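Tertiary structure, described
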Amino acid sequence: MEDWYCYKCKQKMENKDLVTTYMEIVRFIPGLLCPGCGAAFLTEKTVIEVINKGEEEIEAKL
Amino acid sequence: MEESLGETLSLCPQCLARIPARKVVEDGDVYLDKHCPVHGSFRTLIWRGDRLYREWGSGEVNSKLIKRRLTPTVSGCPYDCGLCPNHKGETCTTLMEVTGRCDMSCPVCFASSNSNLKDEPGLSEVEEMYRTILEASGPCPVQLSGGEPTVRDDLPDIIALGKEMGFKHIQINTHGLRLARDKEYLHRLREVGADLIYLQFDGISNDVYRYTRGANLFKLKLQAIENCAEFRIGVILVPTLIPNINDHQIGDIVRFAKGQIPVVKGIHFQPISYFGRYPGTPVNEDRITIPDVLKTLEVQTEGEVKMNHFVPRRRKDSHCGFSAFYVLMEDGRLQSTTNFERRQSPLAGSGFVKESPAEHVRRFIHERAKFVESDAQEGENNPGSWESFFNRARTHYLSISGMPFQDVWTVDLERLQGCCIHVVTQYKKLIPFCAFYLSSASGERLYYEGKVSSQVAYVS
Amino acid sequence: MKDKAKADKQFSSKTYESPLFNTILGDTLHPGGLSLTERVGELSQLEESSLVLDIACGKGVTACFLARQYGCHVIGIDLSAELLSLARNTAQRERLSDKVEFFTGDGERLPYKDSLFDAVISECSFSLLPNKSVAAVEIRRVLKTGSRLVMTDVFLRGQLSEGLRSQAGFASCIAGAKTIDEYIKLFEELGFSRHYVEDHSEALMKVAYQAVVTYGSWEAFAGQVWEAARNPVEQKDAIAEGTPWKVLFKEGRPGYALLVFTKPDG
């Protein structure tokens, strides 16, 4: 993966498993974390193909 | 000390005249209080626990208007149903009575069956009814009902016809006995694309069925579910809840349903309402209200199901019904995906709902009923990933919902005006569910053969 | 009139003893055979502890079938000693004698106390009874509350005048049949509730077809039956010769149906 730098802190972003929650469910997703300010980012692919799709499917059942 | 929560309109249980009514709080419970100039005062418990009632608020979800009104407003609600221009609930499901016959004689049935062979709509009349729905509301989900629809050997033809005419989702409301006994019939239903079985299911032991249905039916219900699993057609369990008869089995029903996922897709609780002839007024002890069901669910599942998982129906009157959605996790636990505090959809931003509530419910019904294959997906093998969770959610889920029908004591015309479940009749009308089945204390139906009964007094 | 009714009933029961009826109707002696009896069983909501009354049980095929299928107890009554004897033999052969019993009994005067039975079954026999209201009251009396009468019988789509009916010669099922509405009215007026009707007319058509195929015509078949039945029984003025079967069928337009009536609580 290329190097990414935090816009605010100018520090290099770390590849980390980020803690994410949906309702009471906790899961880890690989993403980018800034060691300075704690800003976290997910890849576009992850968001569109996994999170958004999954959320939509569940919301459709509500 | 009594406190008023608002004014509305209702009907006199004796003469079905329209009379003013108030929702009042007394000793922490909510009552509907009304007065008929001829027959006196009536007070009925509608909700135990006023705090939740207030929290659930007034609803006020604005639904899109119905495509076409089939009757004008003349005498005012509820005497002009068809639907009339005052109706504010777009159709989310239409009920079609395909027969008046039933081979059971259940004491608690809301649809009393008393017609013989000749009153049954033929296929051409069924087509007319489908057409009426298309004209008024477009191709919404349809629930075939009765009487007992499976007494008709040509039920598969009725379904095939609906599919041909553009109805994408057709459910069958049934006691399921024929589905248990006649696999070939079930197979035909599946072949023509029946989407979901709405299975009458009062409990997990025969003493319950003996009381509610007059026969020991549990084994047959199990067989029906087993056969539905074999033919891959989803089932919603529909218990009629009666105080002291089966409300002690609410938790058991949830546990039973869990064990039957994925053929069972949900449970839809129907707290008892009083139709047909009824001596006197049902007392508080005869009533099981929404908060009673939610509380009992939490207690009897030891917190696996919690009261705050439930969200009110998105209807004009938010106290009309409740629902929650769960994913059955690998460890056997029900994981909720709904929560009252966070009931706004994350996708919706700040209050903006992308589609009308009825469209949403229509899509929900369609989505929820699909019998989905458990297929492998990348990342799914990692139990800690979102992929695995969403994958699980696709196939192993359970919806828990409920709706108490209005009877002549509890009927609230404001709630009726927002009703989205419409019954189509042979007389080219759509009539809201609770208006259609409503009957006076002496058993006189408000609507009979598509018209308001001549016995009704029109008092404003 | 009372004697005539009794004579008619005995005469009918005799006709069912004839091998001719057996050829056309099979061992069950009713249209629809055992598969229709299965449906009757389903609607009777039977279980092991149930006690069932089979009115005009004939050779006992239904009674034994139900006892076998559900494990319940069945009492069968009939007016024909010959058929009852065959029924008892069948029960013995099938080792069901502890569950099924057969007695002489009249459908219009049931020799049982009130509220005894979990179900009453009547297959193609109600139409034969001359005093239907009396029979219906009796059935209601012996049924437990909430329990059902499940009957299959000939019904009419058309109308038959009294004149035509009396010309039928003996109290045959078609001559004694009513329209569905008339059956429902009869039972509901006498205190039954929640009727349920299933049409099984194809079963009757099969019987008629079989008769015609075997004997050349319905008249030929009926003629032979009447002949066989007449001899052992003395009938004087009641029976007319040359029953106009064609007219009966054309005017009456018979069908076959399954009807369920419930004895209500309270």
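Up top is the structure.
Notes on the structure in this doc start here. (Residues numbered from 1 in each chain as written. Chains lettered and ligands numbered in written order. Predicted model: local features only at pLDDT ≥ 70, side-chain atom pairs only at ≥ 80, totals over all residues.)

1. Brief notes about the interface of chain B and chain C
By a widespread convention, an interface's size corresponds to the accessible area lost as its parts come together. As a reminder of what qualifies: In this description, a residue-residue contact is defined by the distance between C-beta atoms placed from the backbone, which must lie within 7 Å. When residue character is reported, Ala, Val, Leu, Ile, Met, Phe, Trp, Tyr, Cys and Pro are called nonpolar, Asp, Glu, Lys and Arg charged, and the others, Gly included, polar.
Every contact between the two is made by eleven residues of chain B and, on the other side, 15 residues of chain C. Residue composition of the side of chain B that touches chain C, grouped by class: four nonpolar, four polar and three charged.

2. Focus on the environment of C:Arg39
Just so we agree on the cut-off: Only DSSP runs of H or I covering at least 4 residues are called helices, and only runs of E covering at least 2 are called strands; the numbering of each starts at the N terminus.
Along the chain, C:Arg39 falls in helix 3 (residues 33-43). For the pair formed by C:Arg39 and C:Ser97, sequence separation is 58 residues and the distance between their alpha carbons is 24 Å.

3. Brief notes about the sheet that holds strand 4 (residues 40-48) of chain B
Residues and elements named next belong to chain B. Heads up, the condition is: Pairing between strands is defined by DSSP: at least two bridges between the two strands are required. Axis definition: a line fitted to C-alpha atoms, limited for helices to the stretch in contact. Angles are taken between N-to-C directions and run from 0 to 180 degrees.
Here four strands make up an open sheet; going across it, the order is 1-2-3-4 and the pairing antiparallel. At either margin of the open sheet sits one strand with a lone partner, and together these are strand 1 (2-11) and strand 4. Each strand axis lies, on average, 25° off the axis of its neighbour in the sheet, ignoring direction. Taken together, the eight bridges between strand 3 (residues 29-36) and strand 4 define a ladder with antiparallel strand orientation. For Asp-33, the partnering residue across the bridge sits in strand 4 and is Arg-43.

4. Focus: the pairing of strand 2 (residues 73-78) of chain C
Residues and elements named next belong to chain C. What counts here: Each residue is classed by its C-beta neighbour count within 10 Å, where at least 20 other C-beta atoms makes it buried, 12 or fewer makes it exposed, and intermediate counts make it partly exposed; the C-beta atoms are placed from backbone geometry. When the strands point away from the viewer and the path from the first strand over the helix to the second turns clockwise, the crossover is right-handed.
Burial runs high along strand 2: six of the six residues are buried. Burial of the side chains of strand 2 extends over both faces: His-73, Ile-75 and Ile-77 are buried on one face and Val-74, Gly-76 and Asp-78 on the other. Sheet analysis places strand 1 (residues 51-55) next to strand 2, joined by five bridges and oriented parallel. When the sheet's bridge partners are listed, Asp-54 is paired in strand 2 with Gly-76. Crossover strand 1 to strand 2 through helix 4 (residues 61-70) is right-handed. Summarising the sheet, strand 2 and strand 3 (residues 100-104) pair through five bridges and their orientation is parallel. Within strand 3, the residue paired with Asp-78 across the bridge is Thr-104. A crossover links strand 2 with its parallel partner strand 3, the connecting element being helix 5 (residues 81-93), and its sense is right-handed.

5. Structural notes on helix 7 (residues 218-230) of chain B
Residues three or four positions apart in an α-helix share a direction because the helix packs 3.6 residues into each turn. All names here are of chain B. We count it as follows: By this rule, a helix spans an expected 1.5 Å times one less than how many residues it contains. Within this analysis, the arc is defined by the directions that extend from the helix axis to the C-beta atoms.
Along its 13 residues, helix 7 runs 19 Å from first to last C-alpha, staying within 8% of the 18 Å computed at 1.5 Å per residue. Of all the positions in helix 7, only Lys-221, Ala-224, Ile-225, Asn-227 and Cys-228 are classed as buried. One side of helix 7 holds all its buried residues, which, seen down the axis, span an arc of 160°. Along its buried surface, helix 7 packs onto helix 4 (177-181), helix 5 (183-191), strand 8 (196-200), strand 9 (234-238) and strand 11 (264-271). Looking one or two residues beyond helix 7, the residue adopting positive phi is Arg-232, at roughly 55°.

6. Some thoughts on unusual backbone geometry
Residues and elements named next belong to chain B. A cis geometry characterises the amide bond from Cys-77 onward to Pro-78, with omega recorded as 0°. Among the secondary structure elements, Pro-78 is positioned in the loop between helix 1 (50-55) and strand 5 (93-97). Residues Ile-261 and Pro-262 are joined by a peptide bond in cis, for which omega reads 10°. Note that Pro-262 resides in the loop between helix 8 (250-259) and strand 11. At Asn-244, a residue that is not glycine, the phi angle is positive and equals roughly 70°. Following the sequence through the fold, Asn-244 ends up in the loop between strand 10 (240-241) and helix 8.

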